Amino acid sequence: MKNTHTTQQFFRLLVAGVCFAVVTLPAAAVEFKTPDGNWTFSISGNVNVHYIYSDCESSPVPIAQGLACTGTPSGNNVSNVSNGLLPAAFSFGVTTTQNGIDIGAHLGLYPGIAANDGGSPNLQQTATAVGTNTALATTGLDVRQVYMTFGNKEMGTFTLGRNIGLFGADVILNDMTLPGVGVAGGSSGAAPANTTLGSIGLGYIYTDWLAQIDYTTPDISGFSFTVGIFDPLNSIGDTGTTAGKKAPGIHAKVSDTVDLGGGNKLYVSVAALEQKQDHFTGTTTYDYDGTGIDVFAKWTWTALEAFGYYYHGDGIGTTGLFVLSSDGLGNKRSSSGYMAQATYKFGDLKIGANYGVSKLDCASAADCAAVPTLVEKNRKVTVGGYYSLTKNLTLLAEVSDVHADAHNGTSNHSKNGNIGAFVSF
C-alpha cells in the first residue's frame, strides 16, 4: 500500500502540472514594437473547456501507477467540467537583435479552471487530498516556463532556463489529443485535477519542463542537433534520502526533415537522456544511472498525417521521468513503449485515432514478489474528431478506452468520452 500511496501522490502532481500550450500556439498572436523599433513584445495563448464523462472500474484492484480510473464512493460513473490535456495559457515574449545576435526572453503562465484550493482565497485554506471542489474554491496558476535565447542563423541558438524537455517532446507535441482530453485520468473524481493525461504514460513518458542549458546547431537543409544539460531530477519511489547530484543530467536530440515532393514530407528524430540517482539510508548508499532513448517518425501527405514512436529506458521509470525507476534499492527497472497515430482532414474536419502502450519491467523476481501490484502495462486507444469552426476556434469530441495490467495478473479497465472547445490566440 505504501507504493500505491506514493503513486497516487505522483499522479496528482503530474496531472496538476501538465502544460504544453505554448508550443502549439502562434509564435506571436499579438505583438507590438517599442517606438524606437528595437524591441518586439508578443502574447499568445489558449483557453479550453470540456465536459468529460468517465466510466471507471467498478471493483478496482490496487495497481501501482495504473492509469485506468477507479470508482468513487458516489459510484463508478463520473462527470466533470474541466481543462483537457492543456491548461489555459498566456505566453509572453520579448525579442530584439543587437550586434547581429537575436535575443529573446519568454514567460508562460498557465491557469486552469478546476478547483485547486478548497477554501476561501481570503483565508488561504489548504486543500485536502479530496473534496477540493467546494464552495469558495479557487483555481491554480502554474508557472512552468521562463527562459532566454540568443544566437542567429549562422552560429545556432543557445537556450537557458525552464522549458520543455527533449526526450519524448516530439510525440506529445504531435499527439492529436493535445487540444483535447485523451485519457481523463485524475480528472475523473469528485475533485478533478487541473489537466488530463492525454496519452502520457500510455505510449510515452512525460517530457516535462526542465531547467536546462542547451545549444542547437543552425538548420542545415532540415537537419539540426541539440545537446545540453538539465537540473537533475530526484526519483519517486526510491527509499532513503536523496543525495545531492554530482553531475547534471545530459540530453540530446537530432532531427531531420526531408521533402519527398508531391506533398510528401518525412520528419525523423532521435532523442536521448542520461542522469544518475544517488541515495543513502543510514550508513548504506546506493546509486544507479538512468538512460533513455526514443525514435519518432512522422509522414505527411497532403491531408494525411501518420506517425510512429518508440522508447526504451533503463532506470528512468514510467509515466514521468524517474517515477518507479528502481526497486527502491538501486536495482534499475527497464521500461519501454510505443505509439501509433493517423489523422486525416476533410476540409475543416480532422478525424484520427491513436494507440499507445507503456511497459515497466520488475528489476528482479524478488522485486515482483515484493510489489506484486506494480504496473506491467498501461495501454489505451483514442478516437477523435476536431472541427475548425473558425481559424482559431476548434470544437472536438473524443472517446478513450484504457487498460492497466499489473505483474500479478490483475487489471483495471475504464472508458471516458468528452466534448469541448479550444480557442487559441
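Conventions used here
Residues numbered from 1 in each chain as written. Predicted model: local features only at pLDDT ≥ 70, side-chain atom pairs only at ≥ 80, totals over all residues. Heavy atoms only, no water. Helix = DSSP H or I, 4+ residues; strand = E, 2+ residues; numbered from the N terminus. Contact = heavy atoms within 4.5 Å. Areas by Shrake-Rupley, 256 points an atom, 1.4 Å probe, with all protein chains shown as cover. Core = buried A, V, L, I, M, F, W, Y, C linked by side-chain atoms within 4.5 Å. Buried < 20%, exposed > 50% of the residue type's maximum accessible area, 1.4 Å probe, protein only. Disulfide = S-S within 2.5 Å. Phe/Tyr/Trp six-rings, centres within 6.5 Å; stacked < 30°, edge-to-face > 60°. Lys NZ or Arg CZ within 6 Å of the ring centre and 35° of its normal. pLDDT = per-residue confidence, 0-100. Salt bridge = Lys/Arg side-chain N within 4 Å of Asp/Glu carboxyl O. Patch = residues over 30% accessible without salt bridge, like charges linked within 9 Å, V, L, I, M, F, W, Y side chains within 5 Å. Pairing = 2+ DSSP bridges. Polar contact = N/O pair within 3.5 Å; in protein donor to acceptor, adjacent residues only side chain to side chain.

## Some remarks on the overall build of the protein
So, point 1. Within the protein, the secondary structure is distributed over 3 helices and 19 strands.
So, point 2. A separation of at least 24 residues holds for 65% of the contacts in the protein among residues at least 6 apart in sequence.
So, point 3. Accessible surface for the protein amounts to roughly 18500 Å². Of this, 60% is attributable to carbon and sulfur atoms.

## Notes on the nonpolar core
So, point 1. Core analysis: the largest hydrophobic core is formed by 44 residues, its most contacted members being Phe167, Val171, Ile200, Tyr204 and Tyr309.
So, point 2. Within the residue set of this core, elements represented by two or more residues are helix H2 (169-173), strand S12 (264-281), strand S14 (304-314), strand S17 (375-388) and strand S18 (393-406).
So, point 3. With 4 residues, the top contributor of residues to this core is S18.
So, point 4. Apart from residues lying up to four places away in sequence, Tyr204 is in contact with Val171, Ile172, Asp175, Ser199, Tyr309, Tyr311, Met339 and Ser358.

## A closer look at the state of the cysteines
So, point 1. On inspection of all chains with the given rule, the structure shows 2 disulfides.
So, point 2. Disulfide pairing is shown between Cys56 and Cys69; the S-S distance is 2.2 Å. Since a negative S-S torsion denotes a left-handed disulfide, the Cys56-Cys69 link at about -100° is left-handed. Here Cys56, found in the loop between strand S2 (40-55) and strand S3 (77-82), pairs with Cys69, found in the loop between S2 and S3; they are 13 residues apart in sequence, far enough to count as distant.
So, point 3. By relative accessible area, Cys56 is classed as buried at 4%.
So, point 4. The disulfide partner of Cys362 is Cys368, and the S-S distance across this bridge is 1.9 Å. Its S-S torsion of about 95° marks the bond between Cys362 and Cys368 as right-handed, since a negative value means left-handed.
So, point 5. Disulfides within the protein link the bonded cysteines, taken in sequence order, as 1-2, 3-4.

## Observations concerning the packing of aromatic side chains
So, point 1. With the rule as written, the count across this model stands at 11 aromatic pairs.
So, point 2. Ring centres of Tyr338 and Tyr355 lie 6.5 Å apart, and the angle between their planes is 50°; on these two criteria the pair is classed as tilted. Of this pair, Tyr338 sits in strand S15 (residues 334-346) while Tyr355 is found in strand S16 (residues 349-360), placing the two residues 17 residues apart along the sequence.
So, point 3. By way of ring pairs, the aromatic residues Phe150, Phe158 and Tyr215 are connected into one cluster.
So, point 4. Just above the ring of Tyr386 sits the side chain of Lys350; from NZ or CZ to the centre is 5.5 Å.

## Section: the confidence of the model for the protein
So, point 1. When pLDDT is averaged along the protein, the result is 88, and 87% of the positions lie at 70 or above.
So, point 2. In this model, residues 123-130 is a region of pLDDT below 50 whose contacts with residues beyond four sequence positions or in other chains number 10 contacts.

## Overview of the pattern of salt bridges
Here the idea is simple: oppositely charged side chains can pair when their charged atoms come close.
So, point 1. Taken as a whole and assessed by the stated rule, the structure comprises 7 salt bridges.
So, point 2. As a salt-bridge pair, Asp55 and Lys415 come within 3.7 Å of each other at their nearest N and O atoms. Taken together, the positions of Asp55 in strand S2 and Lys415 in strand S19 (residues 411-424) put the pair 360 residues apart, joining distant regions of the chain.
So, point 3. Given the relative accessible area of 37%, Lys415 is considered partly exposed.

## Let's talk about a nonpolar patch on the surface
So, point 1. A cluster of nonpolar side chains, namely Val47, Val49, Tyr51, Tyr53, Val81, Ile113, Ile419 and Val423, defines an oily patch on the protein surface of about 650 Å² accessible area.
So, point 2. For the nonpolar patch, the secondary structure elements donating two or more residues are S2 and S19.
So, point 3. Top element by residues in the nonpolar patch is S2. It accounts for 4 residues.
So, point 4. Turning to its location among the elements, Val49 is positioned in strand S2.

## As for the pairing of strand S1 (residues 30-33)
So, point 1. Both S1 and S2 contribute to a ladder of 4 bridges, which runs antiparallel. Directly across from Val30, in S2, lies its bridge partner Ile43.

## Digging into the environment of Val371
So, point 1. Mapping Val371 onto the fold places it in the loop between helix H3 (365-370) and S17.
So, point 2. For Val371, a relative accessible area of 10% translates into the label buried.

## What about the environment of Asp214?
So, point 1. Within the element layout of this structure, Asp214 appears in strand S8 (residues 209-216).
So, point 2. Sequence-wise, Asp214 and Val227 are 13 residues apart; in three dimensions their C-alpha atoms are separated by 5.7 Å.
So, point 3. Filtering out sequence-adjacent residues up to four positions away, Asp214 remains in contact with Thr157, Phe158, Thr159, Thr226, Val227, Gly228, Ile229 and His251.
So, point 4. Among the polar contacts listed, one links the side chain of Asp214 to the side chain of His251, at a separation of 2.9 Å.

## With respect to unusual backbone geometry
So, point 1. Its identity as a non-glycine residue notwithstanding, Gln65 has a phi of 75°, on the positive side.
So, point 2. Mapped onto the elements of the fold, Gln65 is located in the loop between S2 and S3.
So, point 3. Although it is not a glycine, Asn99 adopts a positive phi angle of roughly 55°.
So, point 4. Secondary-structure assignment places Asn99 in the loop between strand S4 (89-98) and strand S5 (101-111).
So, point 5. For Asn99, a relative accessible area of 81% gives the class exposed.

## Observations regarding the side chain of Thr394
So, point 1. Tracing the backbone shows Thr394 in strand S18.
So, point 2. Residue Thr394 is classed as buried on the basis of its relative accessible area of 18%.
So, point 3. Leaving out residues up to four positions away in the same chain, Thr394 has contacts with Tyr386, Tyr387, Ser388, Gly420, Ala421 and Phe422.

## Re the environment of Leu260
So, point 1. Position of Leu260 relative to the elements: it lies in strand S11 (residues 249-261).
So, point 2. The sequence separation of Leu260 and Thr300 amounts to 40 residues, and the corresponding C-alpha distance is 9.8 Å.
So, point 3. What Leu260 contacts, discounting residues up to four positions off in sequence, is Lys265 and Leu266.

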